[in-house]
Amino acid sequence: YRARQKSLQRMVALKIIRPEINAKPGFADRFVREARALAQLNHPNIITVHDFGQVGDLYYLVMEFIDGVNLRQMLVNRQMAPRQALEIVPAVCDALQFAHDHGIVHRDIKPENILVDKAGRVKIADFGLAKLLNSEPDVTNLTATNHVMGTRNYMAPEQFERPTEVDHRADIYSLGVV
């Protein structure tokens, strides 16, 4: 949701986690651990996490609002020249390298998760399926462990066949598909 952060008088993106995910065992601990990890990803091409929390049984993330469109919308509307497409790739690569250097694999790189603001700045969004490579083995993602995570048409074969063994190479494969 687009929302206004009253205390700082700025527009933000508010992501509310679906209640059926909240009910899974260990969700609260994973949510806190991963929200804190994602908040450490301070990079110009990664959406900034400003805050997170819980109100009643709803968990939420407050993130940077991007006034623009995602890559899918640009493609559908034919708003992208080949040169512009080539300019997006290095920004996404830099962002992914930064996340990987911090032990985070996105696991859902696809056009809908690559945003371009009105000034042409590129941001990777939606780390909701991210895997923390340095976490304890039984606590690795906001969703269920040992399950296939990602968007099938963009997933590396190993992401589908061996989801617990996924590393940074799955993101690189997905970017190649994009």
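Residues numbered from 1 in each chain as written. Predicted model: local features only at pLDDT ≥ 70, side-chain atom pairs only at ≥ 80, totals over all residues. Heavy atoms only, no water.

What is the right way to read the packing of aromatic side chains from this model?
By convention here, two paired aromatic rings are described through the distance between centres and the angle between planes. Within the structure shown, the criterion is met by four aromatic pairs. Aromatic side chains Phe-27 and Phe-31 sit 5.5 Å apart centroid to centroid with 25° between the ring planes, which places their arrangement in the stacked category. Within this pair, Phe-27 and its partner Phe-31 are both found in helix α2 (residues 27–39), separated by four residues, close to a single helical turn. A single burial state applies to Phe-27 and to Phe-31, both of which are buried. (Phe/Tyr/Trp six-rings, centres within 6.5 Å; stacked < 30°, edge-to-face > 60°. Helix = DSSP H or I, 4+ residues; strand = E, 2+ residues; numbered from the N terminus. Buried < 20%, exposed > 50% of the residue type's maximum accessible area, 1.4 Å probe, protein only.)

How do you make sense of unusual backbone geometry when you look at a structure like this?
Most peptide bonds take the trans configuration, and most residues that are not glycine carry a negative phi. Positive phi is not limited to glycine here, since Gln-9 has a value of about 50°. Checked against the element boundaries, Gln-9 lands in the loop between β1 (2–5) and β2 (10–16). Take Gln-9: its relative accessible area is 56%, and that puts it in the exposed class. A positive phi is found at Asp-126, a non-glycine position, where the angle reads about 55°. Its location among the elements puts Asp-126 in the loop between β8 (122–124) and β9 (131–132). Using a relative accessible area of 31% as the deciding quantity, one classes Asp-126 as partly exposed.

Help me out: how do you make sense of the pairing of β2 in this one?
The side chains of a regular strand alternate between the sheet's two faces. With four bridges connecting them, β1 and β2 associate as antiparallel partners. Across the sheet, Arg-4 pairs through a bridge with Met-11, a residue of β2. Once β1 ends, the chain turns through four residues before running back antiparallel as β2, passing Gln-9 with a positive phi of about 50°. (Pairing = 2+ DSSP bridges.)

Would you mind going over the sheet that holds strand β3 (residues 49–55) with me for this structure?
Across a sheet, strands are paired by hydrogen bonds formed along the backbone, either parallel or antiparallel in direction. Strand order in this open sheet of four strands is β1-β2-β4-β3, and the pairing throughout is antiparallel. Two strands lie at the open edges of the sheet, namely β1 and β3, each paired on one side alone. The mean angle between the axes of side-by-side strands here comes to 35°, regardless of whether they run parallel or antiparallel. The strands touched by α2 are β3 and β4 (58–64); relative to β3, the strand with the most contacts, the crossing angle is about 165°. (Axes fitted to C-alpha atoms, helices over the stretch in contact; angles between N-to-C directions. Contact = heavy atoms within 4.5 Å.)

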